[in-house]
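# Structural overview for review
Here is what each chain is made of, one letter per residue.
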Amino acid sequence: MKTKSTYNSRITTADEQRLYSHLLDCVSVESPDAMIDRFQALFLDGFGYPDREVVAALDRLLSCHEIDEYFRFILNRCCHILINRWQTNTQLQPAIPVLIALLESTPPSRVPELSRSRSVRRLRHVTHNFRDTEQYLALKRLARIIEARHSALPRYRQAEAVPLGSLINRYPYLYEHCLVTEDSDLQHQQYVRNMQVEAQHKFEVDLSHYVTYRVRQGRMHRQGRDDVAEKLRVVPNPTLLSDHDLASSLRHFARRRDHGQSYRDGAQRFLLTHDQGASFRQFKEDLFDYIMADVNVGYGQRQFKTMLQDHLLATCNDSDSSPVDDFLKVRTCSNLFNFLVVDPSAGRQHYVFLDLINNLGPVHTTGLLLRILLICQKVRPFVERRFSLLFNHYETVSSETVEWLVTMFENINIALSLNFGSVDLSHTTAR
């Protein structure tokens, strides 16, 4: 995977601009099928393209010494010129996965235009290498989401084990970090945000309908009206959790817990009772107590307690005597998520996260993370980024193999929806 960034230091050349302007002109008047044919001839086959000036511009780009470093940006932008046009029209969106699938196709071995054989070989080389870039992975994830949105098949249950990456459409909180790359234009970024909002709203509506259905069904059964209960229109479980596990998750995150205190109430109480004039050291000590109050006593008395305390107290310890401010609070919570979820600076280690799930279970682990997030909501993009790192790490692994992570992602979806979304299930219980 190429990680070296060269995009911000680059200046668009005249030949690149000729390429972009040409595609913009074509996509505004031609059908997706015609544009896909153009794309294949120009970038994949390397021959048969009708506009010789555009071909000449591409050949000059391919002859540049630095083409291996920046071709990914050129090809990605060309893809998005077409994608940006099609994504605004629902009927044209299915062309997007078709375009992206072309990048995996094998070009013909024969090159009719012998005078360009060297340029064609170079083109095929850099196009093949594009598959090893973050830009290509983001395109593939986009294709999966669009395919899922337009699929007539049920979206909720998986008939067989699939790669974790195939489930990307289910988790809107991963979209921005998995679909946007350093060279993404503003139009694409806005499109991703719109998709995220739509997917989140759809999940919340589906979840609300499911809970209403289960509550009505349970009420009918308790009243002895089993025949009426059986005639209710079935609303499918909108998660990959079992009905029992979904009910447990909903009870945990939606209902008032522990003498009437919800997660949100607990966070608010911490923020109100914490002495705003206290030192940063005192804030970290109070935060430690706040976190440990929701950790199983048996597990908390083992290595985790010491590790958490040491990590917290070592955070910005040169500011221990200073009053706590937003910067220190954000820094502390960000470092906590590095410790509890995954730390990219330490080789993406996540053994603490695995240990939490194995000992506390996915629901209580999600609750532990939620408690921290609720007292410092500014770090939400940061924690979403941490989950995207885990998603990327296990993207090609079978969902059955990482069932623990799928379960976590499902619980996180529920917790975020109930605490930050528009769904209010605080007075409703799924049975």
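So, here is what we can say about the structure in this document. Residue numbering note: each chain is counted from 1, following its sequence as written. A pLDDT threshold of at least 70 governs which residues receive local features in this predicted model, and a stricter bar of 80 or more applies before side-chain atom pairs are shown or counted, although totals over entire chains, interfaces and linings include all residues. Side-chain measures here rest on the full set of heavy atoms in the structure, leaving out hydrogens and waters.

### Some points on the overall build of the protein
Here is the rule we go by: Working definition: helices are DSSP H or I runs of at least four residues, strands are E runs of at least two. Numbering for both runs from the N terminus. Contacts are assigned to residue pairs that have any heavy atoms within 4.5 Å of one another. For every accessible area listed, the method is Shrake-Rupley and the probe measures 1.4 Å; residues are considered covered only by the protein chains on display.
On a plain count of helices and strands, the protein comes out with 20 helices and 0 strands. Long-range pairs, those at least 24 residues apart, make up 76% of the contacts in the protein with a sequence separation of at least 6. Looking at the protein as shown, the accessible area adds up to about 20900 Å², and 49% of this sits on carbon and sulfur atoms.

### Points about helix 11 (residues 243–254)
In an α-helix there are 3.6 residues to a turn, and that puts residues three or four apart on one side. As a reminder, the rule being used: One less than the residue count of a helix, multiplied by 1.5 Å, gives the span that helix is expected to have. Burial here depends on accessible area, computed with a 1.4 Å probe over protein chains only, as a share of the maximum for the residue type. Under 20% is buried, over 50% is exposed, and the range in between is partly exposed.
Here helix 11 spans 16 Å end to end across 12 residues, near enough to the 16 Å set by a 1.5 Å rise per residue. Restricting attention to buried positions, one finds in helix 11 the residues L246, A247, S249, L250, H252, F253 and A254.

### Some details on helix 6 (residues 117–129)
End to end, helix 6 covers 18 Å across 13 residues, agreeing with the expected 18 Å (1.5 Å per residue, within 8%). Considered for burial, the residues of helix 6 that qualify are S119, V120, L123, R124, V126, T127 and N129. At its buried positions, helix 6 is contacted by helix 2 (32–45), helix 3 (52–62) and helix 4 (67–86).

### Brief notes about the side chain of D183
Where we set the bar: For this count, His and the chain ends are skipped, Lys and Arg are scored as positive, and Asp and Glu as negative. When a carboxyl oxygen of Asp or Glu lies within 4 Å of a side-chain nitrogen of Lys or Arg, that pair is called a salt bridge. Identification of polar contacts relies on pairs of N or O atoms within 3.5 Å, with a donor-acceptor requirement for protein atoms, meaning one able to donate a hydrogen and the other able to accept it, and with residues adjacent in sequence counted only if both atoms are side-chain atoms.
Relative to the assigned elements, D183 resides in the loop between helix 8 (175–179) and helix 9 (186–222). Buried and unpaired, D183 has R72 as its nearest opposite-charge partner, separated by 6.7 Å. A polar contact of 3.0 Å, which involves the side chain of D183, links it to the side chain of N76.

### Section: the packing of helix 18 (residues 362–375) against helix 20 (residues 403–420)
The criterion, for reference: Interaxial angles span 0 to 180 degrees and are taken between N-to-C directions of axes, which are lines fitted to C-alpha atoms, for helices over the stretch in contact. Should an angle lie under 35 degrees it is considered roughly parallel, over 145 roughly antiparallel, and from 65 to 115 roughly perpendicular; all remaining angles are considered oblique. We call a crossing left-handed when the near helix sits turned anticlockwise from the far one by less than a right angle, and right-handed when that turn is clockwise. Any residue that is not Ala, Val, Leu, Ile, Met, Phe, Trp, Tyr, Cys, Pro, Asp, Glu, Lys or Arg is counted as polar, Gly included; the first ten are nonpolar and the last four charged.
Running from amino to carboxyl end, helix 18 crosses helix 20 at an angle of 40°, the nearest separation of the two axes being 9 Å. Classified by the angle their axes make, helix 18 and helix 20 are oblique. Remark: the crossing between helix 18 and helix 20 carries right-handed chirality. Within the contact between the two elements, helix 18 uses P362, V363, T365, T366, L370, L373 and L374 and helix 20 uses T407, M408, N411, I412, A415, L416, N419 and F420. Partitioning the contact of helix 18 with helix 20 into residue classes produces 10 nonpolar, 5 polar and no charged.

### So, the environment of K284
Within the secondary structure layout, K284 lies in helix 13 (residues 280–292). With 25 residues separating them along the chain, K284 and Q309 place their C-alpha atoms 8.8 Å apart. Setting aside its immediate chain neighbours within four residues, K284 contacts L312, L313, T315, C316, N317 and D320.

### Section: the environment of S151
Among the secondary structure elements, S151 is positioned in the loop between helix 7 (134–150) and helix 8. Separated by 57 residues in the primary sequence, S151 and P94 have C-alpha atoms spaced 9.7 Å apart.

### Some words on the nonpolar core
Here is the rule: By convention a nonpolar core is built from buried Ala, Val, Leu, Ile, Met, Phe, Trp, Tyr and Cys residues, the set being connected through side-chain atoms within 4.5 Å.
The biggest cluster of nonpolar side chains holds 129 residues, and the ones touching the most others in it are L19, F39, F43, F304, F387 and F409. The element best represented in this core is helix 4, accounting for 12 residues.

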